[in-house]
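Remarks on the overall topology
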Amino acid sequence: MLTTVNPDSTDLVQRSLKSVWHPCTQMQHHENTPLIAVSRGEGAWLFDPQGHRYLDAISSWWVNLFGHANPRINTAVKAQLDKLEHAMLAGFTHNSVVELSESLSDLTGNVLGHVFYASDGASAVEIALKMSFHFWKNTGHTKKQEFICLKGGYHGETIGALSVTDVPIFKTAYAELIKQTHVVMSPDDRQAVHLNGSQADERASRESVALRAAGEIEALLKARAESICAVILEPLVQCAGGMAMHDPVYLKRVRELCDEYRVHLIADEIAVGCGRTGEFFAFEHANCWPDFLCLSKGISGGYLPLSLVMTRDEIYRAFYDAKVSKAFLHSHSYTGNPLACSAALATLAIFREDQTLKANKQLSQTITNALRPLQSDSRVKHFRNQGMIWAFDAQVEDPLLKETFSRRFFASALKHEMLLRPIGTTVYLMPPYILSDSEVTHLAQRTLAVFDEVMG
Ligand SMILES: *Cc1c(COP(=O)(O)O)cnc(C)c1O
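Residues numbered from 1 in each chain as written. Predicted model: local features only at pLDDT ≥ 70, side-chain atom pairs only at ≥ 80, totals over all residues. Heavy atoms only, no water.

Details of the overall build of the chain
Quick note on the threshold: Per the convention used, a helix needs a DSSP run of H or I reaching at least four residues, while a strand needs a run of E reaching at least two, with both numbered from the N terminus. Radius of gyration: over C-alpha atoms. The globule rule applied is 2.2 Å multiplied by the number of residues raised to the 0.38 power. Relative accessible area decides the class of each residue, using a 1.4 Å probe on protein chains only: under 20% of the type maximum gives buried, over 50% gives exposed, and in between gives partly exposed. Contact definition: two residues touch when any of their heavy atoms are within 4.5 Å. Accessible surface is estimated by sampling points in the Shrake-Rupley manner with a 1.4 Å probe; for residues, cover comes only from the protein chains shown. In this tally, Asp and Glu contribute negative charge and Lys and Arg positive charge; neither His nor the terminal groups of the chain are included. Where a charge lies is defined by one atom per residue type: Lys uses NZ, Arg uses CZ, Asp uses CG and Glu uses CD.
Looking only at helices and strands, one finds 15 helices and 16 strands in the chain. Computed over the C-alpha atoms, the radius of gyration of the chain is 22 Å, within 12% of the 23 Å expected from 2.2 N^0.38 for a compact globule of 456 residues. Principal-axis analysis of the C-alpha atoms places the extent of the chain at approximately 65 × 60 × 45 Å. Looking at the 456 residues of the chain, the share that counts as buried comes to 54%. Restricting the contact set of the chain to residue pairs at least 6 apart, pairs at least 24 apart contribute 72%. When the accessible area of the chain is evaluated, it comes to approximately 20,500 Å², of which 53% is carbon and sulfur surface. Each charge class in the chain can be summarised by its mean position, and for the 43 positive and 50 negative side chains these summaries are 3 Å apart.

Shown next, in the form of structure tokens:
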């Protein structure tokens, strides 16, 4: 039997289950887990055809920053639509892609002054890996063919991106297809011995985990830096692996090591970029820059598929040559799509006009305060927050509940007018940046209610 919370849209749901193969889903689970038909979005809310509403507490897989059907982004995309919907980006250029590249470079003080475009996050990761390898080849370091990635890291699910991903549910089935990479210790804070003492003790404990993790990279580079192209990591928060957070001292230390051993540093900011961690780029917390920075998800405000890789002049110049073989010949059909770029430009304009990063400091504090009851709940482990991301681990012993926790939580949340989708038993909130006070109250109270329901 198909269970939906909105029975009147059962027809559409049934047709979808017949014809649409849904992502990241065991389709058989939809015999018990609801599939929701969405007909409309407005601000932080999604609506089904019957007018039931759901607060999008995870920004529709972390892409939506300023709400659904945002009037300013809508206007920009509509204006672009009447001028130029798309033109190929080889041999041609257009205003939106130039302005977007300039604006993003500006945000790095022009350290990462060259921007290469694609459509999905995984493609941006592929591009960064290929560019790093090809840079070393172009500069005569042909032995450099390997990558270092982090335990629990996630960089997308194409075969190349999976090779630097360490999340078993995505990787295990394809193990035979995937190139081996070096997987090193995660700097995950939860490994810290949280002394019941002062904040200073706790800080020291976090830092010591970070430095221990960086030590593993150091040992590996000491042994074989001449074979290694790059280290790839998700700065500050390893998201899909379970919202594991770490101290920025880790990024600083890894940057030093990459410099010392002549290895690239690839920052995958696909999830943590665009203000999610409190700064526009997560790497700003460490006061240094990577060699490649991948963006996607939030960059188009959650409107259109757009991804990009920003890099340094030194790297760009190693491809600049009379020979075609030295060029970076990678391309995707929709590279630099004008509609997606116009959505991104409108998104950046909102950051400037509304001083979003400043406003989010207040909003983040308000949400943390509203979630206070969870912090002292004995069923909650490792309540954590970074900027506009909150997460905690549910203390679940029962194996059946452990296995079904995420789906049960999702289903219960829908009844409480919330879109929430835990990763295993890790519940997280990653809301858009536009919540009103009453929406914050809704978010906090309903999260608690759903948690009670699922745990009870
Ligand atoms: C989502 C994500 C990706 C993959 O992006 P897609 O657009 O889903 O291919 C890569 N890296 C990180 C850190 C992500 O969160």
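Now that the structure has been shown, the text picks up again.
Describing the sheet that holds strand S11 (residues 292-295)
One key point about sheets: their strands pair by backbone hydrogen bonds, in either a parallel or an antiparallel sense. What counts here: Strands are treated as partners if at least two bridges between them are detected by DSSP. Throughout, an axis means a line fitted to C-alpha atoms (over the contacting stretch in the case of helices), and angles, computed between N-to-C directions, take values from 0 to 180 degrees.
Ordered by their spatial adjacency, seven strands build an open sheet running S4-S12-S11-S10-S7-S5-S6, and the pairing between neighbours is mixed. On the outer flanks of this sheet lie strand S4 (114-118) and strand S6 (182-184), each paired with one strand and no other. Taken over all neighbouring pairs, the strand axes of this sheet differ in orientation by 20 degrees on average, direction set aside. Inspection of the sheet shows S4 paired to strand S12 (residues 307-311) by five bridges, in the antiparallel sense. Pairing of His 114 across the sheet is with Thr 311, part of S12. Each of strand S5 (146-150), strand S7 (228-233) and strand S10 (264-268) touches helix H9 (residues 249-261); the most contacted strand, S7, lies at about 170 degrees to it.

Description of the site of the ligand
What counts here: Any residue with a heavy atom positioned within 4 Å of a molecule or strand is treated as near that molecule or strand. Polar contacts, as used here, are pairs of N or O atoms within 3.5 Å; protein pairs need one atom able to donate a hydrogen and one able to accept it. Residues neighboring in sequence count only if both atoms are side-chain atoms.
Around the ligand, the neighbouring residues are Trp 62, Asp 120, Gly 121, Ala 122, Tyr 154, His 155, Gly 156, Glu 234, Asp 268, Ile 270, Ala 271 and Lys 297. Here an oxygen atom of the ligand sits 2.8 Å away from a polar atom, N or O, in the main chain of Gly 121. A distance of 2.6 Å is found between a nitrogen atom of the ligand and a side-chain nitrogen or oxygen belonging to Asp 268. Starting from 380 Å² of accessible surface for the ligand in isolation, the protein chains cover 83%.

Points about unusual backbone geometry
Of note, the phi angle at Ser 59 is positive, near 50 degrees, even though the residue is not glycine. Mapped onto the elements of the fold, Ser 59 is located in helix H2 (residues 59-62). Look at Glu 417: it is not a glycine, yet its phi comes out positive at around 60 degrees. Note on placement: Glu 417 falls in the loop between helix H14 (399-415) and strand S15 (418-419).

So, the side chain of Ser 105
Along the polypeptide, Ser 105 turns up in helix H4 (residues 95-107). The class for Ser 105 is buried, based on a relative accessible area of 5%. There is a polar contact of 2.8 Å between the side chain of Ser 105 and the backbone oxygen of Ser 101. Residues contacting Ser 105, with those up to four places away along its chain left out, are Asn 110, Leu 112, Gly 113, Val 115 and Met 310.

Structural notes on the packing of aromatic side chains
Note the threshold: Any two rings among Phe, Tyr and Trp, with Trp reduced to its six-membered ring, count as a pair given centres within 6.5 Å; such a pair is stacked if its planes are under 30 degrees apart, edge-to-face if over 60, and tilted if neither.
Counted under the stated rule, the structure contains 14 aromatic pairs. Summarising the aromatic geometry, the rings of Phe 116 and Phe 328 are spaced 5.1 Å apart at their centres and angled 80 degrees between planes, so their arrangement reads as edge-to-face. Here Phe 328 lies in the loop between helix H10 (313-317) and helix H11 (338-353) and Phe 116 lies in strand S4, a separation of 212 residues in the sequence. Owing to a relative accessible area of 14%, Phe 328 belongs among the buried residues under this scheme.

Observations regarding the domain arrangement of the chain
The figure often quoted for interface size is the accessible area lost as the parts come together. Definition in use: Segmentation of the chain into domains, including their bounds, is taken from an automatic or database domain assignment. Buried area is understood as the total, over both parts, of accessible area removed when two parts are fitted together, assessed with a 1.4 Å probe. Each salt bridge in this description consists of a side-chain nitrogen of Lys or Arg and a carboxyl oxygen of Asp or Glu lying within 4 Å of one another. Each residue receives one of three labels: charged for Asp, Glu, Lys and Arg, nonpolar for Ala, Val, Leu, Ile, Met, Phe, Trp, Tyr, Cys and Pro, and polar for the others, Gly being one of them.
Domain assignment breaks the chain into domain 1 (38-69 + 355-455) and domain 2 (72-353). Centre-to-centre separation of domain 1 and domain 2, based on C-alpha positions: 26 Å. On the side of domain 2, 28 residues touch domain 1, which itself brings 30 residues to the contact. At the boundary of domain 1 with domain 2, total buried surface from both sides reaches about 2,500 Å², with 62% on carbon and sulfur atoms. On inspection of domain 1 and its partner domain 2, the count reaches one salt bridge. Put simply, Arg 190 and Asp 393 hold a salt bridge, and the shortest N to O gap is 3.0 Å. Tallied by class, the residues present in the side of domain 1 that touches domain 2 amount to 16 nonpolar, eleven polar and three charged.

What about the sheet that holds strand S16 (residues 426-429)?
Judged by pairing direction, the sheet is antiparallel, and its three strands sit side by side in the order S13-S14-S16 without closing on themselves. A single partner strand is all that each edge strand has here, and the edge strands are strand S13 (380-386) and S16. Going from strand to strand, the sheet's axes swing by 15 degrees on average, the running direction of each strand aside. Two strands pair when backbone bridges link them, and strand S14 (residues 389-394) and S16 are joined in this way by four bridges, in the antiparallel orientation. Looking across to S16, one finds that Asp 393 is bridged to Thr 426.

Digging into helix H12 (residues 356-370)
What sets the pattern is the α-helix's 3.6 residues per turn: residues three or four places apart point alike. Worth spelling out the cut-off: By this rule the span expected of a helix is its residue count minus one, scaled by 1.5 Å.
If you check H12, its first and last C-alpha atoms are 20 Å apart, about what 15 residues at 1.5 Å a residue would give, namely 21 Å. Restricting attention to buried positions, one finds in H12 the residues Thr 356, Asn 360, Leu 363, Ser 364, Ile 367 and Thr 368.

As for the pairing of strand S3 (residues 53-56)
In this structure, strand S2 (residues 45-47) lies alongside S3, joined through three bridges in antiparallel fashion. The partner of Leu 46 across the bridge, within S3, is Tyr 54. The hairpin formed by S2 and S3 contains five residues between the paired strands, and Gly 51 there has a positive phi angle of roughly 90 degrees. As paired strands, S3 and S15 are joined by two bridges and run parallel to one another. When the bridges of S15 are listed, Leu 55 appears paired with Met 418.

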